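Summary of the model geometry
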Amino acid sequence: MASLKNSVKLGCQYLNHISTLILIPILIKILRLGPDQICEIWSSLHFDLFHILGSFLMTIFIAAVYYMSKPLSVYLVDFACFKPPALYRVPNATFVEHMRLNNKDNPEIVEFQRRMIQRSGLGDETCTAPANLYIPPIPSLEASRVEAEFILFTVIDDLLKKTGTKNKDIDILVVNCSIDSPTPSLSAMVINKFKLRTNIKSFNLSGMGCSASLISIDLARNLLQVHHDSCALVVSTEITTPNYYSGNDRSMVLINCLFRIGSAAILLSNKRADRGRSKYQLLNLVRTHKGTDDEAYRCIHQQEDSQGIKGVSLSKNLMLIAGETLKANITRIGPLVLPASEQLLFLFTLIVRKLLKLKWKPYIPDFKQAFEHFCIHAGGRAVIDEIQKQLKLSDEDVEASRMTLHRFGNISSSSIWYELNYIESKGRMKKGDRIWQIAFGSGFKCNSAVWKCNCTIRTPTDGPWLDCIDRYPVSISQVLDP
């Protein structure tokens, strides 16, 4: 039923563009008519007062219904990204030495992680939680809580000061963190710390993977359609302390190599008064879920290894599944954002492949005609490479993603906000620019959000890139192994 509904929506989008192409020649024909010809046509029509009045009232009624049913605009007032302190820094050489000290009896797994970290695209300034640097690491509940409080409280504090928002002004709170799900929840932790209102609508999302930030944005957007004149605080993070894997399963140690600490806080509003001061407006948000496919469902899977040690396993087919899920997402978001010419080419190719059964390659639309900026989840070097290949993007298009991975590592759902901040810090964000955020997560999911810049963004005077933006972009070696 859901598939039929999506097909109907897609068909309506394409029909809309085809209808436009048909109506354009008719409108041109009418405009070429002279005043006398128009008057002659008008006089040939017979209208009485009843028809005119009825038409007038019907027009008013339709306009009123349209206005009342029109979705409320959702604005991104501002956002803040957590900058880890320098003492949390873990250079690649330090990481490898740490692995060596923790795995003295298994040099093969140490060498495997050394090769993975070298190929990962991570630089020497990424940061991890202090508990993970103990020998052996201490993935305790208390250490996880300490990490969560420090990161969440810091980034929310920065956002509230940045926007001049008072605690009592927050009507909706959504916090997402995939692995760490304590009781009381992280959202309750935030409410307790900042003494938010007792009638606040709070939500805590867990287990949603690296795409959870856009799921949180979608939830907040839907709530803002119901609650007028409201503000929503969205907080995206991943607590790395409980993520540490101390076993020897190669599919599970990759998490240690890639994931680092990070968090982002985003303030959304549907208030007209906030339109003038907001940075962006949310245009579209499309979510694709491949959970019905068993292989896709298990490609990122939390489990215990043969020794009973808990961790997260990454499938060898992860990139293939990500590519297929992206294609499904593109099929849905394309009609919403692409110009008619690209849509018609895509539709023509689809018809030839599906109906005529010809073995044509799928047509990949030129999304650079729809967007000026791309924020692709920095899940790893292979993820960025695959998306760049699938969408035929240039190195400049994926620069923000590669540099975020290099400077901060895989910071899970918050990575797309560090990338947006990178673009702002480079002074590239202009009024009217459109941004495509793409995120992938366990399940398997691909989520997309489209934003429009409301004003030319001045170079930020704070944020995670402040003291290093002049050093970027850096050249990342293409050599996989020495």
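Scroll up a little and you will see the structure.
Below, the structure is looked at part by part. (Residues numbered from 1 in each chain as written. Predicted model: local features only at pLDDT ≥ 70, side-chain atom pairs only at ≥ 80, totals over all residues. Heavy atoms only, no water.)

Here we look at empty space enclosed by the protein
The tally for this structure, following the rule as stated, stands at four cavities of 30 Å³ or more. Within the residue set of the lining of the largest cavity, elements represented by two or more residues are α4 (92-102) and α9 (250-258). Broken down by element, the residue count for the lining of the largest cavity peaks at three residues, all from α4. Here the lining of the largest cavity is composed, by residue class, of seven nonpolar, six polar and one charged. (1 Å grid on protein atoms, 1.4 Å probe; cavity = no way out; pocket = protein on both sides within 12 Å on 5 of 7 lines; lining within 4 Å. Points joined across faces, edges and corners; volume = space filled by probe spheres on them. Helix = DSSP H or I, 4+ residues; strand = E, 2+ residues; numbered from the N terminus. Nonpolar A, V, L, I, M, F, W, Y, C, P; charged D, E, K, R; others polar.)

Overview of the packing of aromatic side chains
One pass over the full model with this rule turns up 15 aromatic pairs. Between F371 and W436, the aromatic rings sit 5.1 Å apart at their centres with planes inclined by 25°, giving stacked as the arrangement. Placement of F371 in the loop between α12 (340-354) and β9 (373-376) and of W436 in strand β10 (residues 434-441) is noted, with a sequence separation of 65 residues between them. Considered together, F371 and W436 belong to a single accessibility category, that of buried residues. Ring centres of Y422 and W465 lie 4.9 Å apart, and the angle between their planes is 70°; on these two criteria the pair is classed as edge-to-face. With a gap of 43 residues between them, Y422 in helix α15 (residues 415-425) and W465 in the segment after β11 (445-453) connect regions that are remote in the sequence. (Phe/Tyr/Trp six-rings, centres within 6.5 Å; stacked < 30°, edge-to-face > 60°. Buried < 20%, exposed > 50% of the residue type's maximum accessible area, 1.4 Å probe, protein only.)

A word on the layout of surface pockets
If you add up the space inside the largest pocket, you get close to 1200 Å³. Around the largest pocket sit 43 residues that line it, and L254, L258, L314, S315 and L318 are the ones nearest its centre. Looking at the lining of the largest pocket, the element that brings in the most residues is α9, giving five residues. Broken down by class, the residue content of the lining of the largest pocket amounts to 20 nonpolar, 17 polar and six charged.

Focus on the packing of helix α14 (residues 399-408) against α15
For the pair α14 and α15, the least separation of the axes is 9 Å and the interaxial angle reads 115°. In this view, α14 runs roughly perpendicular relative to α15, as classed from their interaxial angle. Of the two possible hands of crossing, α14 and α15 adopt the one that is right-handed. For the pair formed by α14 and α15, the contact residues are E399, A400, S401, M403, T404 and F408 on the first element and S415, Y418, E419, Y422 and I423 on the second. Of the residues contributing to the contact of α14 with α15, the split by class is six nonpolar, three polar and two charged. (Axes fitted to C-alpha atoms, helices over the stretch in contact; angles between N-to-C directions. Parallel < 35°, antiparallel > 145°, perpendicular 65-115°, else oblique. Left-handed = near helix turned anticlockwise from the far one by under 90°. Contact = heavy atoms within 4.5 Å.)

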